[in-house]
Structure formats: structure tokens, C-alpha cells
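# Working through the structure, step by step
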Amino acid sequence: MTDRSTVDMWFDPLCPWAWITSRWLLEVEQVRDVDVRFNVMSLAVLNEGRELPERYQELMRTAWGPVRVCVAAGQKHGQDAVRALYTALGTRIHLGKEEDRGPKLFAAALADAGLDPALADAADSTAYDEALRASHEAGMRPVGTDVGTPVIHAPGPDGTPVAFFGPVVTPSPKGEAAGRLWDGVLLVAGTPGFFELKRSRQAQPSFD
């Protein structure tokens, strides 16, 4: 039997790029010996105190609710609940194009995930903010604050932990193509002294 390694991804439910990366990681689980654990970061926390366009400021105001609900679900039901709720939220937000960012969305997604819809009340509570900030900090500390989500922590090629932003890719690779991308990302991220590989993005998120 081959030992499987745990890979941690930090997400904000509102980010379409993180959603695509998360679906890629689920493909990777099927073709490589990894198990993915989903953790919450917050674009609202990341952007606190920054000068932002008014449109983005409004988005950040609505971004608190989903992450609070995810943290509440995780505290009550564990990491599997976070995984299920992220899938439910992302399916509605990114695939279903639902524009609601309030209690109706949260309650419906919780029900989809087999969780108590009453957890939607966490969206308007600051009771989970300390835990939210701690999760955010744990994810972002190794990669810095000049990146957003997705962030991934994984054992590198030699077993040493590596952390990185990305990959930002669209559409999500499937099957062995997903595995090959994983192999390449780990190889690059595990290279001592490597920091950045980037080109201008010329495509909108594709959820195919």
C-alpha cells in the first residue's frame, strides 16, 4: 500500500479561480496519492485597510458571510463538513450563477451539504471571526500577503513542506492531465529559491 499525503488548500468561496483550482485538486486525488483538506481564508480579511475601488469594497462587505458560515460548519462538524459546504456554495455561486449572498444562499447550500440550515445565522455573527482570522493567518503566513487565493500547502518532492499561491488555471484539467500539472507544480514549488512563474491572464474563468 502507498501512503497518501495530505494537501491543504485555503479558499474563499467567492473566488472563481480558487473554485477551479479546488476542482482540479479533486481530480488530482483520483490519480495521485493525495487527500485534499479544505481550509478557510478570507479575501475580506486580506484586503482590510487597502484602498479598493467602490465595486470591490462592496464585494468585500458581502465576503464575510460565506467564510463565517464555513468556519461555523467546521467547528461543529469537522473538516469534511467544510469540504461539503464549499462544494455546495461553489456549485450555487459559480456554476449556478446565483447572485444572492445572504441567508437564503447559505441555508440552501447548508441543506445541499447535509448540514443544519440554521448555521446560516453565523454569517452575521462576529463570534467566528477569531477562528476565521487564525485559519487565514495559518494559510497566508508561508506565502505572504501580496497574493490571494488559492493557496496550497503540500509535502514537496523530498517530503519537505512547501506552500504556494496558485496554480491559476482554466478550465480545470481532468484525469491524468490533472496529475501531470500536480507533478509539475510540486517540482517547481519544491525548488529552493524559486518564487514566481507568471504570464498575463487572457481568459475568463471557465467552469467546464
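The structure reproduced in this document is the subject of the present report. (Residues numbered from 1 in each chain as written. Predicted model: local features only at pLDDT ≥ 70, side-chain atom pairs only at ≥ 80, totals over all residues. Heavy atoms only, no water.)

Take the overall build of the protein chain next. Assigned secondary structure in the protein chain consists of seven helices and four strands. In the protein chain, the succession of α and β elements from N to C terminus is β-α-β-α-α-α-α-α-β-β-α. Against the compact-globule benchmark of 17 Å for 208 residues, the protein chain has a radius of gyration of 17 Å, which places it among compact chains. Taken along the three principal axes of its C-alpha coordinates, the protein chain extends 45 × 45 × 30 Å. The long-range fraction of contacts in the protein chain, counting pairs at least 24 apart against all pairs at least 6 apart in sequence, stands at 72%. For the protein chain, the accessible area works out to roughly 11000 Å², and carbon and sulfur atoms hold 51% of it. Side chains of the protein chain give 21 positive and 28 negative charges; the mean places of these two sets differ by 4 Å. (Helix = DSSP H or I, 4+ residues; strand = E, 2+ residues; numbered from the N terminus. Rg over C-alpha atoms; globule rule 2.2 N^0.38 Å. Contact = heavy atoms within 4.5 Å. Areas by Shrake-Rupley, 256 points an atom, 1.4 Å probe, with all protein chains shown as cover. Lys, Arg positive; Asp, Glu negative; His and termini not counted. Charge placed at Lys NZ, Arg CZ, Asp CG, Glu CD.)

Following both chains from N to C, one finds helix α3 (residues 54-77) and helix α6 (residues 129-140) inclined at 95 degrees, their axes separated by 9 Å at the closest point. One way to sum up the angle between α3 and α6 is to call them roughly perpendicular. Residue-level contacts link Trp-64, Val-67, Arg-68, Val-71 and Gln-75 of α3 to Asp-129, Ala-131, Leu-132 and Arg-133 of α6. (Axes fitted to C-alpha atoms, helices over the stretch in contact; angles between N-to-C directions. Parallel < 35°, antiparallel > 145°, perpendicular 65-115°, else oblique.)

Among the structural elements, Glu-176 can be located in helix α7 (residues 175-189). A C-alpha to C-alpha distance of 8.5 Å links Glu-176 and Glu-27, two positions 149 residues apart in sequence. If near-sequence neighbours (up to four positions away) are discounted, Glu-176 is found in contact with Val-31 and Arg-32.

Here we take up the layout of surface pockets. Here the largest pocket defines a volume of roughly 2100 Å³. Contributions of two or more residues to the lining of the largest pocket are made by α1 (16-31), α2 (43-46), α3, α4 (79-95), β4 (161-165) and α7. Across the lining of the largest pocket, the residue classes tally to 28 nonpolar, eleven polar and eleven charged. Of the voids in this model, the second largest pocket is the one considered here, and its volume is about 160 Å³. Lining the second largest pocket are 13 residues, with Ser-5, Val-34, Pro-155, Trp-182 and Leu-186 positioned closest to its centre. Broken down by secondary-structure element, the contributors of at least two residues to the lining of the second largest pocket are β1 (5-11), β3 (151-155) and α7. Among the elements that line the lining of the second largest pocket, the one with the most residues is α7, at three residues. Across the lining of the second largest pocket, the residue classes break down as seven nonpolar, two polar and four charged. (1 Å grid on protein atoms, 1.4 Å probe; cavity = no way out; pocket = protein on both sides within 12 Å on 5 of 7 lines; lining within 4 Å. Points joined across faces, edges and corners; volume = space filled by probe spheres on them. Nonpolar A, V, L, I, M, F, W, Y, C, P; charged D, E, K, R; others polar.)

Next up on the list: the pattern of salt bridges. The full count for this structure, using the stated rule, is twelve salt bridges. With its nearest N and O atoms 2.8 Å apart, the salt bridge here joins Asp-183 to Arg-32. Note that Asp-183 is positioned in helix α7 and Arg-32 in the loop between α1 and β2 (34-40), a separation of 151 residues in sequence. Classification of Asp-183 as partly exposed rests on a relative accessible area of 39%. Taking the shortest distance from any N to any O, the salt bridge between Arg-92 and Glu-98 comes out at 2.8 Å. Connected through salt bridges with shared partners, the residues Arg-4, Asp-33 and Asp-35 form a single ionic network. (Salt bridge = Lys/Arg side-chain N within 4 Å of Asp/Glu carboxyl O. Buried < 20%, exposed > 50% of the residue type's maximum accessible area, 1.4 Å probe, protein only.)

Turning our eyes to something else, we now look at a nonpolar patch on the surface. A cluster of nonpolar side chains, Val-188, Phe-194 and Leu-197, forms an exposed patch at the surface whose accessible area comes to about 280 Å². Among the secondary structure elements, Leu-197 is positioned in the segment after α7. (Patch = residues over 30% accessible without salt bridge, like charges linked within 9 Å, V, L, I, M, F, W, Y side chains within 5 Å.)

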